[in-house]
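Coordinate inspection notes
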Amino acid sequence: MRNFTIYLALMLCLFATKLMAQDTFVSRAKAIAEKIETIAKEEKATLKKEVEEVNQQLQNGSITKEQADAKKNALAEARATIIENKVNVAKEELKELVQDKVDGKLKDSDKKYSISFPGGYSKNDSLKKHKGESRNTSQLVLAFGANNLATDGAIANSDFRYLRSTFFEWGITNNYRLSKTSNLLHLKYGFSWMYNTLNATENRYFVPNGDQTVFATYPTHLRKKDTYFRNVFVTIPLHLEFDFSKTSADKDGNKIFRSHEGFRVGLGGFVGYNTNSKQFLSYEVDGYRINERQKGNWNVNDWNYGLSAYLGWGQASLYAKYDLNPMFKNNTVDQHNVSLGVRFDFN
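These figures come from a predicted structure and were not determined experimentally. (Residues numbered from 1 in each chain as written. Predicted model: local features only at pLDDT ≥ 70, side-chain atom pairs only at ≥ 80, totals over all residues. Heavy atoms only, no water.)

Description of the pattern of salt bridges
Throughout the structure, instances matching the rule amount to eleven salt bridges. Between arginine 264 and aspartate 345 there is a salt bridge, with the nearest N and O atoms lying 3.8 Å from each other. Taken together, the residues arginine 264 in strand E9 (residues 263-285) and aspartate 345 in strand E13 (residues 335-346) connect sequence positions 81 residues apart. Aspartate 345 serves as the salt-bridge partner of arginine 343, at 3.0 Å between the closest nitrogen and oxygen. Note on aspartate 345: relative accessible area 0%, which makes it buried. (Salt bridge = Lys/Arg side-chain N within 4 Å of Asp/Glu carboxyl O. Helix = DSSP H or I, 4+ residues; strand = E, 2+ residues; numbered from the N terminus. Buried < 20%, exposed > 50% of the residue type's maximum accessible area, 1.4 Å probe, protein only.)

Describing the packing of aromatic side chains
For the structure shown, the criterion picks out 15 aromatic pairs. Between phenylalanine 206 and phenylalanine 328 the ring centres are 5.3 Å apart and the planes differ by 65°, which places this aromatic pair in the edge-to-face class. On the criterion of sequence distance, the pair formed by phenylalanine 206 in strand E4 (residues 204-209) and phenylalanine 328 in the loop between strand E12 (316-323) and E13 is long-range, its members being 122 residues apart. For the pair phenylalanine 244 and phenylalanine 263, a centre-to-centre distance of 5.7 Å together with 35° between the ring planes defines the contact as tilted. Residue phenylalanine 244 is located in the loop between strand E6 (228-243) and strand E7 (248-249), and its partner phenylalanine 263 is located in strand E9; the two are separated by 19 residues in the primary sequence. By relative accessible area, which is 34% here, phenylalanine 263 ends up partly exposed. Through successive ring pairs, a cluster of aromatic residues spans Phe160, Phe206, Phe215, Phe229, Trp298 and Phe328. A cation sits over an aromatic face here: lysine 321 above phenylalanine 270, 5.9 Å from the ring centre. (Phe/Tyr/Trp six-rings, centres within 6.5 Å; stacked < 30°, edge-to-face > 60°. Lys NZ or Arg CZ within 6 Å of the ring centre and 35° of its normal.)

Points about empty space enclosed by the protein
Across all of its chains, the model carries four cavities of 30 Å³ or more by this definition. Around the second largest cavity, the lining residues are Asn196, Asn231, Phe233, Val300, Asn301, Trp303, Asn304, Asp323, Asn325, Pro326, Met327 and Asn337. Only E6 and strand E11 (303-313) provide two or more residues apiece to the lining of the second largest cavity. Residues that form the lining of the second largest cavity fall into these classes: five nonpolar, six polar and one charged. (1 Å grid on protein atoms, 1.4 Å probe; cavity = no way out; pocket = protein on both sides within 12 Å on 5 of 7 lines; lining within 4 Å. Points joined across faces, edges and corners; volume = space filled by probe spheres on them. Nonpolar A, V, L, I, M, F, W, Y, C, P; charged D, E, K, R; others polar.)

A look at the pairing of strand E1 (residues 136-151)
It is a general feature of regular strands that their side chains alternate between the two faces of the sheet. One ladder, built from eleven bridges, connects E1 with strand E2 (residues 166-177); its direction is antiparallel. Note on E2: the bridge partner recorded for threonine 137 is asparagine 175. Note: E1 against E13, twelve bridges, orientation antiparallel. By the bridge assignment, leucine 149 is partnered in E13 with asparagine 337. (Pairing = 2+ DSSP bridges.)

Observations concerning the side chain of arginine 161
With respect to the helices and strands, arginine 161 occurs in the loop between E1 and E2. Within the structure, arginine 161 has its side chain in polar contact with the side chain of asparagine 199 (distance 2.5 Å). For arginine 161, the residues in contact, after removing those within four places along its chain, are Asn148, Asn199, Ala200, Thr201, Glu202 and Lys224. (Polar contact = N/O pair within 3.5 Å; in protein donor to acceptor, adjacent residues only side chain to side chain. Contact = heavy atoms within 4.5 Å.)

Details of the nonpolar core
Generally speaking, a soluble globular protein has its nonpolar side chains buried in company with each other. The biggest cluster of nonpolar side chains holds ten residues, and these are Leu149, Phe160, Leu198, Ala200, Phe206, Phe229, Trp298, Val300, Met327 and Phe328. Each residue touching methionine 327, except ones within four places of it in the same chain, is listed here: Leu149, Leu198, Phe206, Phe229, Asn231, Asn299, Val300, Asn301 and Gln335. Residues Phe144, Phe168, Phe344 and Phe346 belong to the second largest nonpolar core, which totals six residues. (Core = buried A, V, L, I, M, F, W, Y, C linked by side-chain atoms within 4.5 Å.)

A word on the side chain of serine 277
Looking at the element boundaries, serine 277 is found in strand E9. The class of serine 277 is buried, set by a relative accessible area of 2%. Side-chain polar atoms of serine 277 contact the side chain of asparagine 231, separated by 2.5 Å. Side-chain polar atoms of serine 277 contact the side chain of asparagine 274, separated by 3.0 Å. Here serine 277 is in contact with Phe229, Arg230, Asn231, Gln294, Lys295, Gly296, Asn297, Trp298 and Val300, once residues within four sequence places are set aside.

Thoughts on unusual backbone geometry
A positive phi angle, close to 50°, is found at aspartate 152, a residue other than glycine. Along the chain, the position of aspartate 152 falls in the loop between E1 and E2. Taking relative accessible area as the criterion, aspartate 152 reaches 64% and is therefore assigned exposed.

Points about a nonpolar patch on the surface
A surface patch of nonpolar side chains, about 960 Å² in accessible area, is lined by Leu178, Leu184, Leu185, Leu187, Tyr189, Leu238, Leu240, Phe244, Phe263, Leu311 and Trp313. Counting residues per element, the ones that place at least two in the nonpolar patch are strand E3 (185-198), E6 and E11. Structurally, leucine 185 can be placed in strand E3. Here leucine 185 falls in the partly exposed class, since its relative accessible area comes to 32%. (Patch = residues over 30% accessible without salt bridge, like charges linked within 9 Å, V, L, I, M, F, W, Y side chains within 5 Å. Areas by Shrake-Rupley, 256 points an atom, 1.4 Å probe, with all protein chains shown as cover.)

Structural notes on the environment of leucine 187
For leucine 187, the location among the structural elements is in strand E3. Each C-alpha atom of the pair leucine 187 and tyrosine 176 lies 5.1 Å from the other, and the pair is eleven residues apart in sequence. When residues no more than four places from it in sequence are discounted, the contact partners of leucine 187 are Asn174, Asn175, Tyr176, Leu178, Leu238 and His239.

So, the confidence of the model for the protein chain
Any region with low pLDDT has predicted coordinates that should not be read closely. Mean pLDDT for the protein chain: 83, with 81% of residues reaching 70 or above. Per-residue pLDDT stays below 50 along residues 108-130; that stretch engages in 47 contacts with residues further than four places along the chain or on separate chains. (pLDDT = per-residue confidence, 0-100.)

See below:
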C-alpha cells in the first residue's frame, strides 16, 4: 500500500504540472521586448521635440549656432542615459524570466497545458475538435497495478503477496497514425521506466547461491510493508494501436482526426535493460527499527523482453504485461514476471 500511495502521489503531481500556464515564457518575453521598443520610441520622440525647440530658438536668433549645437548634444546625452536606465530595468526583468525558464517554472506558450482526466473535459478540447491532430502526437504514459511471478506458467499459490507486489511505469510515447485517410491504425513507440516490486511471503528473502537465486527464511521477523525486492528497467515499448475514436469533418468536408477519445486496443511488446536490482529488508532489534538496503544482481537477467496489451476508453485502459524471458538467468525453475493494472495515456 505504501508503494501504491507513492505512485498515486507522483501521478497527481504530474497532473498538476499540466495546469495551464497563464504567464508563459514567450508571451512575457515578448512583452518585455515591446516595453524596450516603446521606451526607445518614446524617448526618441521626446528628444525630437526638444531638438525642434532648440532649432526654433536658433531661428529666432535667441541663441547662437554654437549654443544650439551644445544644447542638442546635452539633450541627446540626457535622453541616452534615460533610455539606458529604463532598458536596464527591463533587462533585469528579462534575466529573471530566463532564470525562471531554466528553473522550470514556466511553460512555452505554443503548448497549451490543462488538467486532463480520463474521459474528462479540458479547456483546449473545443480548439482540438475544430483543428484535429497531426499524424504524430505524443503522450505521457503512467501505469501501475499488481505484479507477480508466474512459476511454471501459474501465479496461483504464489510465493509473493498479491496486494503488496506492485509495478509502476512512466514514460513518453510517440503515436503515429499510419494512414492519411483513416484513424484506425496507429504505431505507438517510445521509452519508459519500469519498476517491478515483489513482496515475499512467510518471512523469506532472496539469497544468491552461486549461479542460482533461492529463497531463505530470515532469522528475524521482517516488517511486511517495508520488505521487498525490486528490479528497475529502462524499456522501449512498441504497440500497434487500434483507435476507434470518431472522425468528423469540417465545413469543407475535410476529415478531422482525433485520438484517445473512444475505444482503443493496443497490442505489442517491449524490450528493456535492467538498470539495478535492490532488496529492502526492515526489522526490529532490541526495540530499534533497522532498514537495510541491499544492491546486487541476484542473477537477474540484464535484458528483459515480453508481450503487452491494453484495452480501454479515452485516455484510460486496462493494461497487462508478461515477460517472455525468466527473471533469473540460471534457476532450475522458470519464473516470469507478469503485471496487471491500469494505464493512462495523456495527450
